[in-house]
Amino acid sequence: MINKNKWTIVQNRRSLQYYPYVCLDSNTLTIINEATQHFSASGKERVSRLLKLLECFLQVSGKKFSLSTLSHVEHHVTARLFIGALWSDLFMPAKITTRHDISCTFYDIIKAMQGIKLSLTIPSIKIDRREVTSDLAFCIKEFEALSLNEERIYYWRGWWAYNKNNMPWFVPLNSVYQCYGRQFTDRLFDQISLAYLRCNRSLATGISDFCRWLPQSGYHLVQFQNSADVEKLFQDFFVHYLAAGYKNGEGSTVKHLVKRWRRLAGFIEINLLGSVFAKPCGQLVMPKPMTIKGSEMRVKTVSDGIDVKEKLLTDVPLHVTDEQAIELLFKQIQTDYDHVVMTAEREAQDLWERYQRRKALAPLGQVKPYKWITTVDEEARQWFIHKNNPDWLLNASATFESEGFAYDNNGRPLVCSSYSISVAEMVYALGLPKHYALIPYMVLLVSEHPTIVASFLTDFELYNKQGKLTGFVQLDDVWVLDGRKRRCKTGNAQQIVSLNAKSKRWVEQIIALTDCVRQHLKQKGDDAWRYLFLTSGKGFTPARMCSQYAQARRRNPKGSFFDALKNPTSDITLEGTKKLSARFSLGALRASKGVLVYLETRSVKEMANALGHKEYSPKTLSHYLPTPIFDFFQSRWIRIFQQGIIIEAMKNSALLLEATEFCTMHEFHVFMQNHALKTIPSHLEDPDHESRSCASTKISGEVIFNVNTGILTLLLSLQQAVAQAKKRVCGKAIYWSEMARHLITHIEQGSDHVTGDEFKSYLKTAREKASPIKLEAIIYG
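Residues numbered from 1 in each chain as written. Predicted model: local features only at pLDDT ≥ 70, side-chain atom pairs only at ≥ 80, totals over all residues. Heavy atoms only, no water.

## Here's the deal with the overall build of the chain
Of the regular secondary structure elements, the chain holds 33 helices and 12 strands. Looking at the chain residue by residue over its 781 residues, the buried ones come to 49%. For the chain, restricting intrachain contacts to residue pairs at least 6 apart in sequence, the fraction spanning at least 24 positions comes to 70%. Carbon and sulfur atoms form 50% of the exposed surface of the chain, whose accessible area is close to 37700 Å². (Helix = DSSP H or I, 4+ residues; strand = E, 2+ residues; numbered from the N terminus. Buried < 20%, exposed > 50% of the residue type's maximum accessible area, 1.4 Å probe, protein only. Contact = heavy atoms within 4.5 Å. Areas by Shrake-Rupley, 256 points an atom, 1.4 Å probe, with all protein chains shown as cover.)

## Here we look at the packing of helix α31 (residues 731-749) against helix α32 (residues 758-769)
When two helices pack together, their arrangement is given by the angle between their axes and by how far apart the axes lie. At their nearest, the axes of α31 and α32 sit 9 Å apart, and the two run at 130 degrees to each other. When the interaxial angle is binned, α31 and α32 end up oblique. At the point where α31 passes α32, the crossing takes the left-handed sense. Here α31 contributes I744, I747 and E748 to the contact with α32, which in turn contributes F759, K760, L763 and R767. (Axes fitted to C-alpha atoms, helices over the stretch in contact; angles between N-to-C directions. Parallel < 35°, antiparallel > 145°, perpendicular 65-115°, else oblique. Left-handed = near helix turned anticlockwise from the far one by under 90°.)

## Side note on the environment of G115
Looking at the secondary structure, you find G115 in helix α4 (residues 96-115). G115 gets classed as exposed once you look at its relative accessible area, which sits at 59%. Linking G115 and T36, residues 79 residues apart in sequence, is a C-alpha distance of 9.8 Å.

## Overview of the pattern of salt bridges
On inspection of all chains with the given rule, the structure shows 21 salt bridges. Residues K359 and E401 are paired through a salt bridge, measuring 2.9 Å at the closest nitrogen-oxygen approach. Of this pair, K359 sits in helix α12 (residues 322-361) while E401 is found in helix α14 (residues 392-403), placing the two residues 42 residues apart along the sequence. For K359, a relative accessible area of 36% puts it in the partly exposed group. In this structure E401 comes out as partly exposed when scored by relative accessible area, which is 33%. For the salt bridge of D408 with R381, the shortest nitrogen-to-oxygen distance reads 2.9 Å. Within this pair, whereas D408 is found in the loop between α14 and α15 (423-430), its partner R381 is found in helix α13 (residues 378-383), the two being separated by 27 residues in sequence. Take D408 and R381: they sit in the same class, and that class is buried. What emerges from the salt-bridge pattern is a single network uniting E150, E151 and R182. (Salt bridge = Lys/Arg side-chain N within 4 Å of Asp/Glu carboxyl O.)

## What to know about unusual backbone geometry
Phi is mostly negative for residues that are not glycine, and the peptide bonds are mostly trans. You will see that Y419, though not glycine, has its phi angle at about 70 degrees, which is positive. Residue position: Y419 is located in the loop between α14 and α15. The exposure class assigned to Y419 is partly exposed, which follows from its relative accessible area of 28%. Phi is positive for Y436, close to 70 degrees, though the residue is something other than glycine.

## What to know about the packing of aromatic side chains
Per the counting criterion, the structure on display carries 41 aromatic pairs. Judged by centre distance (6.2 Å) and plane angle (45 degrees), the rings of W159 and Y177 are tilted. A residue pair is termed long-range when its members are at least 10 positions apart, and W159 in the loop between α6 (150-157) and β1 (160-162) and Y177 in helix α7 (residues 174-180) qualify at 18 residues. Classification of Y177 as buried rests on a relative accessible area of 8%. An aromatic cluster is built from Y180, F184, F210, W213, F224, F234, F237, F238, Y241, W261 and F277, whose rings are joined through pairwise contacts. Here the basic side chain of K52 rests over the ring of Y21, its NZ or CZ set 5.2 Å away from the ring centre. Here the basic side chain of K727 rests over the ring of Y780, its NZ or CZ set 5.0 Å away from the ring centre. (Phe/Tyr/Trp six-rings, centres within 6.5 Å; stacked < 30°, edge-to-face > 60°. Lys NZ or Arg CZ within 6 Å of the ring centre and 35° of its normal.)

## With respect to the confidence of the model for the chain
Averaged over all residues, the pLDDT of the chain equals 80, while 79% of them reach at least 70. Every residue in residues 292-309 is under pLDDT 50, and counting partners more than four places away or in other chains gives 51 contacts. With pLDDT under 50 throughout, residues 635-653 is counted as low confidence; its partners more than four residues away or in other chains account for 78 contacts. (pLDDT = per-residue confidence, 0-100.)

## Digging into helix α5 (residues 134-144)
L136, C139, I140 and F143 are the residues of α5 that are buried. Projected onto a plane normal to the axis of α5, the buried residues spread over an arc of 100 degrees and lie on a single side. Set apart from the buried face of α5 by more than 90 degrees, the exposed residues are S134, F138 and K141. Buried residues along α5 sit in contact with α2 (41-61) and α3 (72-86). (Arc of directions from axis to C-beta.)

## A word on the side chain of N389
Tracing the backbone shows N389 in the loop between α13 and α14. On the basis of relative accessible area, N389 is assigned to the buried category, the value being 7%. At 2.9 Å, the side chain of N389 forms a polar contact with the backbone nitrogen of D391. Excluding residues that lie within four positions of it along the chain, N389 makes contacts with W383, F384 and N395. (Polar contact = N/O pair within 3.5 Å; in protein donor to acceptor, adjacent residues only side chain to side chain.)

## What to know about the pairing of strand β8 (residues 494-498)
Side chains Q495 and V497 of β8 all project onto a buried face; the interleaved residues Q494, I496 and S498 project onto a face where none is buried. Strand direction decides the pairing type here: strand β7 (residues 478-484) and β8, joined by five bridges, are antiparallel. Its bridge partner lying in β8, V480 is registered against S498. (Pairing = 2+ DSSP bridges.)

## Quick look at the sheet that holds β8
Spatial strand order, β6-β7-β8: three strands in an open sheet with antiparallel pairing. The sheet terminates laterally at β6 (472-475) and β8, the two strands that pair on one side only. Adjacent strand axes in the sheet meet at a mean angle of 35 degrees when their direction is disregarded. Sheet strands in contact with helix α18 (residues 501-513) are β6 and β7, and its direction is about 145 degrees off that of β6.

Shown next as structure tokens:
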């Protein structure tokens, strides 16, 4: 249900950044900035938000606040009225603690200006974090008695649109209003708002750009009803859109900009032409779609100037040597994937154990009574859940299980109304599903079932509109998740995921963890109770988790899953974990899983099946791996085992394992390249050369191995060491282990090039001499 603060002047403080200063003159702003320059970065951000609130107050009230022209008394009156506004529900929606903190910031500014010898005094108003004092009540009454400017109120309420999931979006129409007036601004906003209301997420990219560009375009209001002028207007915007997006080659590619423009033009034609603007004589500029190859998508340039593919958890450079390809494909992708999944398992288990602890302790504790229904004095009542009380957690658990998300008389949750325990600390202790806490469960479900996309989870309806459990059901002997996959055509939208024992247990835990939120929302009549993923918010504000995944990626708060990903392990450094945390998304996790399936099966079809693609396409892999990596498989790896191996006998020593001391895996790699695997033919090393060569040229595609008992003993020893490894081994070790597996199979099965018993006798002897202990020390790096 949409929750709009219809009578609140500042609907949402996030919109303040779009409003310019008018009443606060440049001299006043300069003095304030100089006075607060010693503040911390976060302190300066609070000052910036406070000044925008002051600007809003001055515009709607008609009051003045100038350090150049006003007297001390005038400043004092304005300051008192502004404090009243900060605490008034008419001015902005906020909790008592938030209003207290904002007021303190205002006082900090005044103190800072006193420090540079400005004669400003702090109004003698008592403020409290727990309640509205009598002083504040008087200030609020004074502010609300003012005659406020209705047109300025309209302007500062702004233009907030809401989609199907009640996700707010501020449409930046400030300059449009200033240039073209209220009537036109309302028409434009109404069309955009109606279109957004039909969306699950966001509208076409570029709408905000258009709203900011239009007042600067030079077009007049009367021209918007002239077909020829409208046609020219959107031609001009098309040129601006491409130039601003391209940024002289430093921005998006032309192909991507054309793709976005076509979507934006479609939105304009459907929603704006004929209603806000006259229909042009012809169609809008509509360049032909430019095919974007999978290999061109999700490419970025990192800080050191290297172009990388960022579809996976692991950034894959577009240009790599075979040596780098081996490490990336056979180790790094798996290492990054394992780190994400293991972190999710640890975080999910921690949350589940804290939830179970709350359930176990609740019957042992006492429920804290409300102030208005108990004869216990206030100090004794607060002692029930005071940090110094050894039974505080027992009583907190009992109180929450009994009263849930109830608030006490001081505007704080009943379970932490003594002020001795912070909201964050209590939420953690009780094992509540706060902001972002359920992301680890999303990770685990996607890792086990890579057909699942993020929207399938965030939009998953556990109960239908009639209140019947339909999303998590048993079909025959299998439990399934029955949901919808957004962006699919209507006939393909339904997706049924068959769960295994692990994923069924995770879903059951999610349902248990969110039950307290579900019951609270259901009692309030909030339809959000039907969804699987719910949250207690930052503390005790139950809601649906529809937008938190995106917020978590952007904000990366302390204690979140993104923060937990930064913890280094023996397999990944601190620098590596920080990069991984910045790259992580459920989409990247899913893509990495798909590539790992490909690496295991060497089948793009199997990869497509694992990702739940309805149709198999040989081009699938190019969306995930750069062309050079794909070529590595096509030329150096797959062809080795698809087009034939020639094995030559070596007559030298069979005692290579005993005679050779390898200190690193790189030494082993170089030795085997020089002595076992002959140079790869040029047409295999350079697939582009192959495509340029004459079609009539016959290519054998054969690779020659020199083998004897010693070489095979080394390979078998390495293969066994890898199989018995206690942790993740390096890419070269996996590469040669795989090479050994294929080579041994080739010898055992025989071919035109492998006849007689000579090679099989080599293999028999090698198996007797193989010793994984000899190579165990080098396989990890």
